[in-house]
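# Fold and contact review
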Amino acid sequence: MYRNRTCGELRIADVNKEVTLSGWVHKIRKMGGMTFIDLRDRYGVTQLSFNQEVNHDLCEQANKLAREYVIQVTGKVAERSSKNQNIPTGDVEIAATAITVLNAAQTPPFTIETETDGGDDLRMKYRYLDLRRNIVRKNLELRHKIAFETRKYLDERNFLEVETPVLIGSTPEGARDFIVPSRMNQGEFYALPQSPQLFKQLLMVSGFDRYFQIVKCFRDEDLRADRQPEFTQIDCEMSFVGQEDILNMFEGLTKHLFKTQKGIDLSDFPRMSYADAMKYYGSDKPDIRFDMKFVELKDLTQGRDFAVFDSSEYVGAICAQGCAVYTRKQLDELTDFVKRPQIGAKGLIYVRYNEDGTLKSSVDKFFSEDDLKLWAERCNAKPGDLLLVLSGETEKAQKQLSELRLEMGARLGLRDKNNYKCLWVVDFPLLEKDEELNRFFAKHHPFTSPKPEDISLLDSAPEVVRANAYDLVINGVEVGGGSIRIHDSALQKKIFSVLGFTEERAQEQFGFLMNAFKYGAPPHGGIAFGLDRLVSLFAGLDSIRDCIAFPKNNSGRDMMIDAPSKIEQEQLDELGIALNLKEIK
């Protein structure tokens with residue numbers, strides 16, 4: 001028996017008990033004839049004490065230990081003379097009577113402490129050491145609890161967890177697939193699933209009624225803070241439901257998770273149309289923790305010989321309360337912010353609404369104070385406020401203004417990570433057009449149902465057709481999304497036609513689904529939550545990497561096992577892949 005108690009459970013009530021602990025040496029402190037060691041395991045830290053006068057040899061043995069040694073210690077629980085109120089075990093220590101080194105350790109490349117690490121690259125290379133840090137381990141414990149509570153919630157509502165295949169056929173309509181060559185069928189390839197979409201719809205055709213799966217998905221796309229090449233979804237589907245049924249069920253799941261994990265009772269989630277989200281926030285995932293909605297000013301800016309506004313399709317403003325006192329340096333910083341290549345604005349117009357009621361702007365040469373007062377009135381600005389104005393093509397300018405709004409929200413402390421605001425964004429466009437290719441693509445995926453009242457527009461005005469699609473947004477992060485699916489073969493065939501599929505191509509790629517619909521498909525719909533994003537949101541993280549046990553870096557590499565890597569020529573020959581590795585640098 002290596003241990004009978006853990007390093008996180010002993011309390012003052014355990015004084016005088018004989019215990020055996022095992023763990024890692026966290027810290028060593030030598031004070032005169034005493035040596036103190038903090039012993040760490042997954043559950044916490046307990047102080048060990050060694051007294052040279054009581055047991056000289058044992059104390060000398062302790063003095064030879066180093067950080068991260070794996071040891072077993074036996075001793076008696078004693079009350080500490082100098083208590084540590086920062087840890088749950090801080091009232092007690094173990095007066096050691098025996099110690100065994102279970103495994104010696106080299107000096108780690110960085111210190112295993114909550115607030116100390118060696119930088120991202122080193123952490124990822126030695127991820128197994130990074131996972132020993134309390135702050136990282138807690139993220140994975142939170143992930144476990146969220147997954148557990150999700151299963152509990154869905155099981156209580158008659159959902160069945162069903163595993164779907166990992167080796168599937170490629171569906172080039174979505175993001176890029178990861179491709180897996182087949183040795184037994186040379187020249188042919190599997191793909192790793194971007195989602196279990198087709199299979200969960202087939203399960204509805206099979207009569208399974210309510211399905212879920214906490215499932216790995218794969219997308220070969222450029223990475224950023226909230227993306228990884230492999231990620232985990234809480235994937236769900238229901239039969240005989242409409243949009244409201246899905247929203248109510250999974251709003252309930254979200255509330256359940258916040259209650260069990262954060263102790264927070266959320267109010268009902270507001271609904272916002274995609275059109276309003278873009279009009280007032282310039283984003284389909286608006287952060288509603290603060291107001292600062294867009295106000296359109298185009299009609300108030302015409303005919304003043306200011307070419308920037310006159311030539312712009314859109315002129316919009318946000319009102320930053322109490323910011324009229326911003327200095328020229330601060331305004332220049334905001335101008336530089338919107339001119340960054342990632343945002344792409346050519347400049348920024350400002351209007352100060354001074355406390356004395358006067359208005360001062362960067363375009364005083366073109367606009368009178370009466371003109372500016374009309375702007376301020378439309379923006380509901382008050383003395384002391386600052387108007388920030390951008391213009392250009394509507395979609396681009398709205399996106400730029402959205403980034404500026406978020407930046408101002410951060411500068412004003414309005415984006416508190418502990419203030420959670422949830423909403424459903426609904427009524428997305430069914431289609432989006434690629435002007436270069438002169439064809440439509442599905443905004444979500446080609447199995448999304450159009451609004452029944454818009455189906456007649458598929459031939460005459462497909463660009464205005466709305467989808468029975470919805471996203472769950474929390475604090476400006478898209479946490480989940482889904483739709484009511486098409487369950488009628490004729491409508492599915494029509495959508496494929498609008499998307500530019502020939503009958504042959506549609507049959508080749510999705511014939512099995514359309515054929516299945518012919519045998520009685522129920523009305524159905526579903527949703528998928530990003531588990532990684534959900535956990536990172538609950539943990540207050542800026543990146544999803546620290547809630548994934550072994551993540552990839554921003555280049556899609558696993559620094560620890562050095563993957564992806566080259567493979568032997570014999571393996572390529574077995575797969576029938578003609579690739580000369582000598583020519584690859």
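A brief look at the structure comes next.

Here is what the cut-offs are and how they apply
- Residues numbered from 1 in each chain as written.
- Predicted model: local features only at pLDDT ≥ 70, side-chain atom pairs only at ≥ 80, totals over all residues.
- Heavy atoms only, no water.
- Helix = DSSP H or I, 4+ residues; strand = E, 2+ residues; numbered from the N terminus.
- Buried < 20%, exposed > 50% of the residue type's maximum accessible area, 1.4 Å probe, protein only.
- Contact = heavy atoms within 4.5 Å.
- Areas by Shrake-Rupley, 256 points an atom, 1.4 Å probe, with all protein chains shown as cover.
- Lys, Arg positive; Asp, Glu negative; His and termini not counted.
- Charge placed at Lys NZ, Arg CZ, Asp CG, Glu CD.
- Phe/Tyr/Trp six-rings, centres within 6.5 Å; stacked < 30°, edge-to-face > 60°.
- Pairing = 2+ DSSP bridges.
- Axes fitted to C-alpha atoms, helices over the stretch in contact; angles between N-to-C directions.
- Expected span 1.5 Å × (residues − 1).
- Parallel < 35°, antiparallel > 145°, perpendicular 65-115°, else oblique.
- Left-handed = near helix turned anticlockwise from the far one by under 90°.
- Patch = residues over 30% accessible without salt bridge, like charges linked within 9 Å, V, L, I, M, F, W, Y side chains within 5 Å.
- Salt bridge = Lys/Arg side-chain N within 4 Å of Asp/Glu carboxyl O.
- Polar contact = N/O pair within 3.5 Å; in protein donor to acceptor, adjacent residues only side chain to side chain.
- Arc of directions from axis to C-beta.

We now examine the overall build of the protein. Assigned secondary structure in the protein consists of 17 helices and 22 strands. Dimensions of the protein along its principal axes, counting C-alpha atoms only, are 90 × 75 × 55 Å. For the protein, the proportion of its 585 residues judged to be buried stands at 46%. Of the contacts formed within the protein by residues at least 6 apart in sequence, a portion of 64% connects residues at least 24 apart. Accessible area of the protein: about 29,500 Å², with a carbon and sulfur share of 48%. Across the protein, 79 positive and 90 negative side-chain charges occur, with their mean positions spaced 4 Å apart.

For the structure shown, the criterion picks out 18 aromatic pairs. The interplanar angle of 45 degrees and the centroid separation of 6.1 Å between the aromatic rings of Phe250 and Phe529 together place this pair among those described as tilted. Here the residue Phe250 occupies a position in helix H6 (residues 243–262), and Phe529 occupies one in strand S22 (residues 524–530), the gap between them amounting to 279 residues. Side by side, Phe250 and Phe529 carry an identical accessibility label, which is buried. Summarising the aromatic geometry, the rings of Phe496 and Phe510 are spaced 5.2 Å apart at their centres and angled 5 degrees between planes, so their arrangement reads as stacked. Here Phe496, found in helix H14 (residues 489–498), pairs with Phe510, found in helix H15 (residues 503–517); they are 14 residues apart in sequence, far enough to count as distant. Note on accessibility: Phe496 and Phe510 belong to one class, buried. Feature note: the residues Phe306, Phe309, Phe366, Phe367 and Trp375 constitute an aromatic cluster, connected by ring pairs.

Reading across the sheet, the five strands line up as S12-S13-S16-S14-S15 and stay open at both edges, with antiparallel pairing between neighbours. The sheet terminates laterally at strand S12 (295–296) and strand S15 (359–361), the two strands that pair on one side only. Bridging between strand S14 (residues 349–353) and strand S16 (residues 386–392) involves four bridges; their strand directions are antiparallel. Considered in S16, the bridge of Arg352 is made with Leu386. Against the sheet, helix H10 (residues 328–338) touches S14 and S16, its axis set at about 150 degrees to S14.

Sheets are built from strands that pair by backbone hydrogen bonding, the pairs being arranged parallel or antiparallel. Taken in spatial order, the five strands of this closed barrel run S1-S2-S3-S5-S4, and their pairing is mixed. Each adjacent strand pair in this sheet contributes to an overall mean axis angle of 55 degrees, direction not counted. Sheet analysis places strand S2 (residues 34–41) next to strand S3 (residues 44–51), joined by eight bridges and oriented antiparallel. When the bridges of S3 are listed, Phe36 appears paired with Ser49. The strands that helix H1 (residues 56–63) touches are strand S1 (18–31), S2, S3 and strand S5 (92–103); relative to S5, the one it contacts most, it runs at about 65 degrees.

The next subject is helix H4 (residues 134–155). An α-helical turn contains 3.6 residues, so any two residues separated by three or four positions project in the same direction. Across its 22 residues, H4 extends 31 Å between first and last C-alpha, which sits within 8% of the 32 Å expected from 1.5 Å per residue. Considered for burial, the residues of H4 that qualify are Val136, Arg137, Asn139, Leu142, Arg143, Ile146, Ala147, Glu149, Thr150, Tyr153 and Leu154.

Let us now look at the packing of H4 against helix H16 (residues 531–539). At a minimum axis distance of 10 Å, the contact between H4 and H16 shows a crossing angle of 120 degrees. Relative to H16, the element H4 is oriented oblique. Once H4 is placed against H16, the crossing between them reads as right-handed. Where H4 approaches H16, its residues Asn139, Leu142, Arg143 and Ile146 are matched on the opposing element by Leu531, Asp532, Leu534, Val535, Phe538 and Ala539.

Before going further, it helps to spend a moment on a negative patch on the surface. Residues Glu355, Asp356, Glu369 and Asp370 make up a contiguous surface patch of negative charge. By the element assignment, Glu369 lies in helix H11 (residues 369–378).

Before going further, it helps to examine the environment of Leu198. Relative to the helices and strands, Leu198 resides in helix H5 (residues 197–205). Of the residues examined, Leu198 reaches a relative accessible area of 13% and is grouped as buried. Taking the C-alpha atoms as reference, Leu198 lies 22 Å from Pro452; in sequence the two are 254 residues apart.

This next bit is on the side chain of Asp235. Relative to the elements of secondary structure, Asp235 occurs in strand S10 (residues 230–239). A distance of 3.0 Å separates the side chain of Asp235 from the side chain of Lys200, its partner in a polar contact. Not counting residues within four places of it along the chain, the set of residues in contact with Asp235 comprises Pro196, Lys200, Tyr211, Phe212, Gln213, Val215, Ile527 and Ala528.

Residue placement: Gln213 occurs in strand S9 (residues 210–218). Since its relative accessible area comes to 5%, Gln213 is described here as buried. Between the C-alpha atoms of Gln213 and Lys200, which are 13 residues apart in sequence, the distance is 9.4 Å. Ignoring any residue separated from it by four or fewer positions in sequence, one finds Gln213 in contact with Glu161, Val162, Glu163, Thr164, Pro196, Gln233, Ile234 and Asp235. For Gln213, the side chain forms a polar contact with the side chain of Tyr211, separated by 2.9 Å.

Taken as a whole, H11 has its buried residues at Asp371, Leu372, Trp375 and Ala376. The arc that holds the buried residues of H11, viewed along the axis, is 140 degrees, so those residues lie on one side. Facing away from the buried side of H11 by more than 90 degrees, the exposed set consists of Asp370 and Glu377. On its buried side, H11 packs onto helix H8 (298–301), helix H9 (307–310), S14, S15 and S16. Just downstream of H11 lies Asn380, where phi reads positive at about 55 degrees.

A few words on the pattern of salt bridges. Counting across every chain of the model gives 50 salt bridges. Note that Asp38 and Arg29 form a salt bridge whose closest N and O atoms lie 3.1 Å from each other. Its salt-bridge partner being Arg415, residue Asp287 comes within 3.3 Å of it at the nearest N-O pair. In this pair, Asp287 is assigned in the loop between helix H7 (274–281) and S12 and Arg415 in the loop between helix H12 (394–411) and strand S17 (422–426), connecting sequence segments 128 residues apart. On the basis of relative accessibility, which here comes to 2%, the residue Asp287 falls in the buried class. Residue Arg415 is classed as partly exposed on the basis of its relative accessible area, which comes to 32%. Three or more residues are tied together by salt bridges with common partners; here these are Asp120, Arg123, Arg127, Asp130, Arg133, Arg545 and Asp546.

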